[in-house]
Structures are given as structure tokens and as C-alpha cells.
Amino acid sequence: AVGARSVDERDHWTAIAHTRLGEHTRAEEIWRSLEARADELDAAPDRVDYFATSLPELLLFPLDSTERRAAQAARLRTLAAEGRRTTEVHA
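All values derive from a computational prediction rather than experimental measurement.

Caption draft 1: Up close: the nonpolar core. If you look at the biggest cluster of nonpolar residues, it comprises 12 residues: Ala15, Ile16, Ala27, Ile30, Trp31, Leu34, Ala38, Leu41, Ala73, Leu76, Leu79 and Ala80. Looking at this core, the elements that each hand over two or more residues are helix H1 (10–20), helix H2 (24–43) and helix H4 (66–90). With 6 residues, the top contributor of residues to this core is H2. If we skip the residues at most four places from it in the chain, Ile16 touches Trp31 and Thr86.

Next comes the structure, spelled out in C-alpha cells:
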């Protein structure tokens, strides 16, 4: 009864574990999923939170901004690249 979650930075560690276990194909699938998620973040449109725009002083959560998504996408791509280097060392 738990919904699927988006790939995020935590999945990097799952892929590292697969690498250390010699499961390089599975690790590569995760590196690709990190890059795919980064592509999704880059393509996502801004969402306007009308409550936040009408009462910004009551804003409790960070806005889903283009800059934040771009930074997260860059981080996911970096993790995938670093992970692939780790896989090459352990292969």
C-alpha cells in the first residue's frame, strides 16, 4: 500500500552496494535511473503555489523552483558519474 517513490540521492548508495557485491549490471541500471530523474527535473515546469503567493509570510515549505530542481538534477548527474567511476574501479 506504499506508492512508488521517485529516484533520489539515496539510491546512489544502493548502487554502490550493488557494485561492491559485484552486481555491476544492477548498479548501472540505478546510475541510468538517476540520470533519467535528472532529465525529468530539468523538463518539469514550475508549479505555482497560489497559497504561497497570496500569503508568502506563512510559507512553511520551500518552493519548487527552477533553480532548486536544476541543482538537484546536477547533483543526481554527479552521483551517477561518480558511481560509474567506482564501478570501473571494482570491475
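Caption draft 2: Structural detail: the environment of Glu9. Looking at where Glu9 falls in the secondary structure, it is placed in the segment before H1. Assessed through its relative accessible area of 36%, Glu9 is described here as partly exposed. With 68 residues separating them along the chain, Glu9 and Arg77 place their C-alpha atoms 9.9 Å apart.

Caption draft 3: Region of interest: the pattern of salt bridges. Going through the model one piece at a time under the given rule, you end up with 10 salt bridges. A salt bridge links Glu35 to Arg84; its shortest N-O distance comes to 2.7 Å. Taken as a pair, Glu35 in helix H2 and Arg84 in helix H4 lie far apart in primary sequence, 49 residues in all. A salt bridge links Arg77 to Asp42, with the shortest nitrogen-to-oxygen separation between them at 2.8 Å. In this pair, Arg77 is assigned in helix H4 and Asp42 in helix H2, connecting sequence segments 35 residues apart.

Caption draft 4: Broad picture of the environment of Gly83. Secondary-structure assignment places Gly83 in helix H4. Take Gly83: its relative accessible area is 0%, and that puts it in the buried class. Taking the C-alpha atoms as reference points, Gly83 and Trp31, 52 residues apart in sequence, are found 7.1 Å from one another.

What counts, and where the lines are drawn
Residues numbered from 1 in each chain as written. Predicted model: local features only at pLDDT ≥ 70, side-chain atom pairs only at ≥ 80, totals over all residues. Heavy atoms only, no water. Core = buried A, V, L, I, M, F, W, Y, C linked by side-chain atoms within 4.5 Å. Buried < 20%, exposed > 50% of the residue type's maximum accessible area, 1.4 Å probe, protein only. Helix = DSSP H or I, 4+ residues; strand = E, 2+ residues; numbered from the N terminus. Contact = heavy atoms within 4.5 Å. Salt bridge = Lys/Arg side-chain N within 4 Å of Asp/Glu carboxyl O.

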